[in-house]
Amino acid sequence: MNKVYCYPRCTTCKKAVKWLDKNGIEYEYKHIVEETPSKEDIEKFYEKSGLPLKRFFNTSGNVYKEMNLKEKLAEMSEDEQFELLASNGMVLKRPLFVGKDFVLVGFKEAEWTEKLK
């Protein structure tokens, strides 16, 4: 089953969920803070996505800014970055769509249409 990790008050997440519903795409909704993916899950998502690890960080979020992650990430090992992503759902870029053999990070309608339709 597809999973979509979202934060309920996030407008981009709301758009993504509305798009999924409108297009009849089945998914299991996960609250990204209450059900933050584990380090192991995030490592799998990263592998499936083919994206740079940096793309998994919510660079526009308050937690990212408060923790000064723009500076710190360059000095962190990949393992430390996975630990950080799993430690706080607000650090993860959202929505995070996890399909059987792919992962989409953030909502870009064209990209989602290409992968999901």
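Rules of the game
- Residues numbered from 1 in each chain as written.
- Predicted model: local features only at pLDDT ≥ 70, side-chain atom pairs only at ≥ 80, totals over all residues.
- Heavy atoms only, no water.
- UniProt positions renumbered as here; feature names shortened; annotations may be inferred.
- Salt bridge = Lys/Arg side-chain N within 4 Å of Asp/Glu carboxyl O.
- Buried < 20%, exposed > 50% of the residue type's maximum accessible area, 1.4 Å probe, protein only.
- Helix = DSSP H or I, 4+ residues; strand = E, 2+ residues; numbered from the N terminus.
- Lys, Arg positive; Asp, Glu negative; His and termini not counted.
- Contact = heavy atoms within 4.5 Å.

The name given to the protein in an unreviewed UniProt entry is Arsenate reductase family protein, and the organism recorded there is Leptotrichia alba. Quoted verbatim from the Sequence similarities (unreviewed entry) field of UniProt, the annotation for the protein is "Belongs to the ArsC family."

Visitor: Where do I start with the pattern of salt bridges in this structure?
Guide: Oppositely charged side chains can pair when the atoms bearing their charge come close. Throughout the structure, instances matching the rule amount to five salt bridges. Of the charged contacts in the structure, one is a salt bridge between Glu28 and Lys30, with a shortest N-O distance of 3.1 Å. Take Glu28: its relative accessible area is 32%, and that puts it in the partly exposed class. Put simply, Asp79 and Lys39 hold a salt bridge, and the shortest N to O gap is 2.5 Å. Of this pair, Asp79 sits in helix H5 (residues 78-87) while Lys39 sits in helix H2 (residues 39-49); the two residues are 40 residues apart in sequence, bridging distant segments of the chain. One network of salt bridges, with partners in common, ties together Lys39, Glu43, Asp79 and Glu83.

Visitor: When you look at the side chain of Arg94 in this model, what are you seeing that I'm missing?
Guide: Relative to the assigned elements, Arg94 resides in the loop between H5 and strand E3 (96-98). Although Arg94 lies buried, it forms no salt bridge, and the closest oppositely charged side chain, Glu66, sits 12 Å away as judged by the N-O distance. For Arg94, the contacting residues outside a window of four places in its chain are Tyr5, Tyr7, Cys10, Cys13, Ile32, Asn58 and Gly106.

Visitor: Just checking my understanding: could you explain unusual backbone geometry for this structure?
Guide: Outside of glycine, negative phi angles account for most residues, and trans bonds account for most peptide bonds. Cis geometry is found at the peptide bond from Arg94 to Pro95, where omega equals -10°. As for its placement among the helices and strands, Pro95 is situated in the loop between H5 and E3. Not every positive phi belongs to a glycine, and Asn68 is a case in point at roughly 55°.

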